[in-house]
Amino acid sequence: MAVMRIASLEKSFGDVRAVRDLSLSVEAGDLYGLLGPNGSGKTTTLACALGLLPPDAGTVEVLGVPAARIHETAGRIAVVFDGTTLVPGLSVRQNLTYAQRLLGHAGGRQPDEALRLVDLAGRDHQRASRLSLGQKRRLAIARALLGRPELLVLDEPLSGLDALGVVTMLDLFRRLREDGITLLLSTHRLHEMEQVVSKVAIIIDGRLAVEGDLTTVLGGDEPTLSIRLDRADEARAVLEALPDVGTVTVLADDQLRVGATPASAAAINSALVRSGFAISELRPERRSLQATFESLVTERRAAAQVVR
Amino acid sequence: MRGVLRVFGAEWYRLTRGRTALLTTLGLAGVAALRVFAAFVSEQATQAAALQRALSSGRDAPLQAGPGNAFGPFVDGWLTGVTVATLLLLILAARALAADLEGGLLRLARTRASSRTQLVLGRALLGVPLVLGAIVIPALAAGGTAACFFDYGPVIEDGYELVSSDELVAELGRGLLATLPPLLATWAFGLLISAVSRGGTLAVSLALALYLGFDLFKEVLGSARSYVFAAFNPSFVDQSYLREVGQIARGYSDAGFTEALFLRNLWLPLPQAGLAILLACWALRRRPL
């Protein structure tokens, strides 16, 4: 079941076409990554999807309600915006109580549980203005978790967090998904997103470049092994003579990339050792989200140049 | 309606939990009390000067006058407090939507459970207790302080009672009644400015510039000024009904509004407030959040 459905969305600001004919669908239970470089149209797409900005064309439905009437979802959707949007003069707990009052009912997840989930328990009485940036971001997430949100939308959730904060946050996203909450994360932090998302959409220059399960988006390429050894040039001939080995590329004097599955790694290793090569590293290589993203950006921008 | 009350409840919670609310209440009460105390010091100084003049010219010391009538200093203190409160209300209303739009809180409320119209109407409703507070807090502070230094009683001149205590209390009631509608309209005007401004600082600057600009130049408009709600607010160039009450409490027989002007004071600001709120709703519905 789709919890957010965007169809043929168009949005322009003057002469600038921020979003062009964009369609995507977030299904219940997804941990969905909306990815793209800065200025690609992610935030505009989200603003239209959340009823904060009227689209020029297209339709957006969130939890079965048109985006323009998103308030009728009555707390089933929660959003954490880029920037923390807290009330600085209120304490941590007062910020949560304020949000509860806006929500209008006290059911579902309560402040204590929300604070515990984001590791802010015990800071109830600290003023929001005195929290660190990472703590403010976690408080904003705690606020979003109040009640019974079914869809949690987070715009740049990792910005401003230190390494430990990022790990904590990614773990939180996994736990929330396990609890049955659908998450939509808009970010340009590809490496971190690759560790958690189940489905991605990549937006480039306002257009949807690709959408699908993470494995599908990353797949399609020949599996490869990366090998570090002495005399890479000489090793190439040995490898090309082996069965089940595809393209062999010499990357450096001491590094090769071999088109082969991880299952053939042992056979390749034995053959190289028998031929007297000293192997210092042999590991399967998966195409990263970053690499996929970079090639998509290059492709799309080259195509756009041709059209012009 | 439930959505409006929800926004009102949340905003009331936010307003009353911050330190600013306590400081503002104390500040307003302090200003009103200080004005009454200043009237007491001034009266004491006048009596001391009279005594000094009598003694230096070899005459007998005048009879020690008792404390003066409290109604005059009370209205002065109340008026001063309400004048300051009016400006604070305007600033608060001008920040109400614009600062929350800038800070992202409107987006939060919008995506959680509130329509744009509810966001405006909830804040408009917040104006009611705030306006009441803006009138009651200075009144209590000024009234209490006046009771400490003066005696409440009728206006007496040369042994004749010009205005009885009951009449003065009735005039104070009319003054209170006349102060409410223009203050509500001031709140609504601030919200309208807030709904069309890009940020809190800009909204406050614009609202103050327009309000104080009108206050300074309203004389130029002649009688036409009485068709604008702001003409009836206690202000620096004061032409409010409360000012007239102060004059009555000092025995001026020509003080007070004509009945037509009083009715205009009562009824004209309310549709203007309604119009401002409608326009604020319309403006916010058209804005990207």
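Above: the structure in question.
These notes cover the structure that comes with them. (Residues numbered from 1 in each chain as written. Chains lettered and ligands numbered in written order. Predicted model: local features only at pLDDT ≥ 70, side-chain atom pairs only at ≥ 80, totals over all residues. Heavy atoms only, no water.)

## Quick look at the overall build of chain A
Secondary structure assignment for chain A yields 10 helices and 14 strands. Taken over the C-alpha atoms alone, chain A extends approximately 75 × 50 × 35 Å along its principal axes. Counting only residues that meet the buried cut, chain A has 50% of its 308 residues in that class. Here the contacts in chain A between residues at least 6 apart in sequence split such that 67% fall between residues at least 24 apart. About 13700 Å² of surface is accessible on chain A, with carbon and sulfur atoms providing 50% of the total. Here chain A holds 36 positive side-chain charges and 38 negative ones, and the gap between their average locations is 7 Å. (Helix = DSSP H or I, 4+ residues; strand = E, 2+ residues; numbered from the N terminus. Buried < 20%, exposed > 50% of the residue type's maximum accessible area, 1.4 Å probe, protein only. Contact = heavy atoms within 4.5 Å. Areas by Shrake-Rupley, 256 points an atom, 1.4 Å probe, with all protein chains shown as cover. Lys, Arg positive; Asp, Glu negative; His and termini not counted. Charge placed at Lys NZ, Arg CZ, Asp CG, Glu CD.)

## Some details on the nonpolar core
Counting residues in each nonpolar core, the largest one holds 117 residues, and the members touching the most others are Ile 77 and Leu 184 of chain A together with Trp 78 of chain B. Top contributing element to this core by residue count: helix α3 (residues 71-103) of chain B, with 16 residues. Ignoring sequence-local partners within four residues, the contact set of Leu 184 of chain A consists of Met 4, Val 26, Tyr 32, Leu 34, Leu 46, Leu 151, Leu 152, Val 153 and Leu 154 of chain A. (Core = buried A, V, L, I, M, F, W, Y, C linked by side-chain atoms within 4.5 Å.)

## Details of the pattern of salt bridges
This structure, assessed with the given rule, holds 25 salt bridges over all chains. In this structure, Glu 113 of chain A engages Arg 109 of chain A in a salt bridge whose closest nitrogen and oxygen atoms are separated by 3.5 Å. On the accessibility criterion, Glu 113 of chain A (35% relative accessible area) is partly exposed. Arg 109 of chain A gets classed as buried once you look at its relative accessible area, which sits at 12%. For the salt bridge of Arg 174 of chain B with Glu 171 of chain B, the shortest nitrogen-to-oxygen distance reads 3.9 Å. Here the residue Arg 174 of chain B and the residue Glu 171 of chain B both occupy positions in helix α6 (residues 165-196), the gap between them amounting to three residues, near one helical turn. Judged by its relative accessible area of 18%, Glu 171 of chain B falls in the buried class. Residues participating in the shared-partner salt-bridge network are Arg 228, Asp 254, Glu 281 and Arg 283 of chain A. (Salt bridge = Lys/Arg side-chain N within 4 Å of Asp/Glu carboxyl O.)

## Examining the side chain of Ser 198 of chain A
On the secondary structure map, Ser 198 of chain A appears in the loop between α6 (190-196) and β9 (199-204). In contact with Ser 198 of chain A, other than residues within four places in its own chain, are Asp 30, Leu 31, Arg 177, Asp 213 and Leu 214 of chain A.

## Quick look at the pairing of strand β10 (residues 207-213) of chain A
Residues and elements named next belong to chain A. Two strands pair when backbone bridges link them, and β9 and β10 are joined in this way by six bridges, in the antiparallel orientation. Within β10, the residue paired with Ile 203 across the bridge is Leu 208. The loop that links β9 with its antiparallel partner β10 comprises two residues; one of these, Asp 205, has a positive phi angle of about 50°. (Pairing = 2+ DSSP bridges.)

## Regarding empty space enclosed by the protein
Residues and elements named next belong to chain B. Applying the stated criterion across every chain, the model contains one cavity of 30 Å³ or more. In this model, the largest cavity occupies a volume close to 40 Å³. As for the largest cavity, its lining consists of Gly 175, Ala 178, Thr 179, Phe 232, Pro 234, Ser 240, Tyr 241, Leu 242 and Asn 265. Those elements that provide at least two residues to the lining of the largest cavity are α6 and α8 (241-248). Ranked by the residues each element gives to the lining of the largest cavity, the list is headed by α6, at three residues. Taken together, the residues that form the lining of the largest cavity break down as five nonpolar, four polar and no charged. (1 Å grid on protein atoms, 1.4 Å probe; cavity = no way out; pocket = protein on both sides within 12 Å on 5 of 7 lines; lining within 4 Å. Points joined across faces, edges and corners; volume = space filled by probe spheres on them. Nonpolar A, V, L, I, M, F, W, Y, C, P; charged D, E, K, R; others polar.)

## A short note on unusual backbone geometry
Residue and element names in this part refer to chain A. Positive phi outside glycine occurs at Glu 156, with the angle close to 50°. Tracing the backbone shows Glu 156 in the loop between β7 (151-155) and α5 (163-178). One non-glycine residue with positive phi stands out, namely Asp 205, at about 50°. Inspection of the secondary structure assignment puts Asp 205 in the loop between β9 and β10.

## Some remarks on the environment of Leu 22 of chain A
All names here are of chain A. Tracing the backbone shows Leu 22 in strand β2 (residues 16-27). Taking the C-alpha atoms as reference, Leu 22 lies 15 Å from Gly 39; in sequence the two are 17 residues apart. Not counting the four nearest positions on each side in its chain, Leu 22 is found in contact with Ile 6, Ala 7, Ser 8, Leu 9, Thr 45, Ile 203, Gly 206, Arg 207 and Leu 208.

## Things to note about the interface of chain A and chain B
On the side of chain B, 25 residues touch chain A, which itself brings 32 residues to the contact. Both sides together, the interface formed by chain A and chain B hides about 2500 Å², and carbon and sulfur atoms give 60% of it. Sorting the residues of chain A by area buried against chain B places Leu 52, Tyr 98 and Leu 102 of chain A first, and these three jointly supply 27% of that buried surface. One can count zero salt bridges joining chain A with chain B. (Buried area = accessible area lost by both parts, 1.4 Å probe.)

## Overview of helix α8 (residues 232-240) of chain A
Residues and elements named next belong to chain A. Those residues of α8 lying buried are Ala 232, Ala 235 and Leu 239. The arc enclosing the buried residues of α8, seen along the axis, measures out at 55°, which places them on a common side. Facing away from the buried surface of α8 by more than 90 degrees, the exposed residues are Asp 233 and Ala 237. Next to the buried residues of α8 lie β11 (224-229), β12 (248-252), β13 (255-259) and α9 (265-274). (Arc of directions from axis to C-beta.)

## Section: the layout of surface pockets
To find leftover empty space, one rolls a probe the size of a water molecule over the atoms. All names here are of chain B. Put simply, the largest pocket is a space of about 1000 Å³. Lining the largest pocket are 35 residues, and of these Arg 14, Leu 15, Thr 20, Ala 21 and Leu 92 lie nearest its centre. Of all the elements in the fold, those that place two or more residues in the lining of the largest pocket are α1 (2-17), α2 (19-56), α3 and α5 (116-149). When residues in the lining of the largest pocket are grouped by element, the largest group, 10 residues, is from α3.

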